[in-house]
Amino acid sequence: MTSWIPVAAIGAGIGFLGGLFGKGGSAVASPLLAVVGLPPIAAVATPLPSTIPSALAADRYRRAGLLDRRVILTSLLAGGPATVAGAVATRWIDPAALLVATELLLVGLGIRLIVGSRRQVEHDTVAPPRTRTLVGVGAAVGLAGGLLANSGGFLLAPLYLSVARLPIKSALGASLAVSAVLAIPGTVVHAALGHIDWPVAAVLAVCAVPASRLGASVAIRADPGRMERAFGAALVALGIFTLFV
């Protein structure tokens, strides 16, 4: 039987981290749900629905003037088809090998942010990223998300920072919004296949939504330089954690 207190704690935890670091939390939630007793496929698929309402936290970034519509729309236009392509490609590509490569990439990006953290300036003074760069980021994340059966949010913010050169808070807000939308195709597919434990998904969502808004509020008020270093440390911890669970 499922223990609801740990599930609620997982939901609150991934919600807060999602709002704080702009990601849905599936990469963290899946191994933890497996520990509390969900079958492997349910542990992978069940966090996806809770990612969608957690996007409400992106409204905090919008009200602070930190959401760039061009970044979000371009990423979605490129990431949507790539997500479908990634899901289809699972017949030929080993997701386990891709997951290891992705986790190593997260560790590398995290170390880069910690070592080379730069003091962020206001987002409206930064040169906007090129459209082709955003298309590349959206396509890469969508493809990885389709292959790994998640929303790809764990890669979005790091790539927005390192490749598109967005300021930290704009990167986190855009990542939160885009990953929520990219979670929809995966949710539909896994629901049709019967992979989602809906009572568990409901508890995750109820606990994640308010926690994600709190996390977003903390991120918006934080010093950008410290936030970038904290995000780098979180990426390193996430990469190591998922490598060894």
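Engineer: With reference to specific residues and values, describe the pattern of salt bridges.
Structural biologist: Taken as a whole and assessed by the stated rule, the structure comprises 2 salt bridges. R62 is the salt-bridge partner of D59, the closest N and O atoms lying 2.7 Å from each other. You can see D59 and its partner R62 sitting in helix α5 (residues 58-63), 3 residues apart, about one turn around the helix. Judged by its relative accessible area of 26%, D59 falls in the partly exposed class. Of the charged contacts in the structure, one is a salt bridge between D59 and R63, with a shortest N-O distance of 3.3 Å. One end of the pair is D59 and the other is R63, both in helix α5 and 4 residues apart, which spans about a single turn. Sharing partners across several salt bridges, the network here consists of D59, R62 and R63.

Engineer: A description of the environment of H190 should follow, citing residues and the corresponding values.
Structural biologist: Position of H190 relative to the elements: it lies in helix α10 (residues 168-192). Each C-alpha atom of the pair H190 and I41 lies 9.3 Å from the other, and the pair is 149 residues apart in sequence.

Engineer: Explain the packing of aromatic side chains residue by residue, including any values.
Structural biologist: Under the criterion given, the structure shown has 1 aromatic pair. Between the aromatic rings of F21 and F231, the centroid separation amounts to 5.7 Å while the plane-to-plane angle is 40°, which identifies the pairing as tilted. Taken together, the positions of F21 in helix α1 (residues 4-21) and F231 in helix α12 (residues 224-244) put the pair 210 residues apart, joining distant regions of the chain.

What counts, and where the lines are drawn
- Residues numbered from 1 in each chain as written.
- Predicted model: local features only at pLDDT ≥ 70, side-chain atom pairs only at ≥ 80, totals over all residues.
- Heavy atoms only, no water.
- Salt bridge = Lys/Arg side-chain N within 4 Å of Asp/Glu carboxyl O.
- Helix = DSSP H or I, 4+ residues; strand = E, 2+ residues; numbered from the N terminus.
- Buried < 20%, exposed > 50% of the residue type's maximum accessible area, 1.4 Å probe, protein only.
- Phe/Tyr/Trp six-rings, centres within 6.5 Å; stacked < 30°, edge-to-face > 60°.

Note that all results are geometric; they support no functional claim without further evidence.
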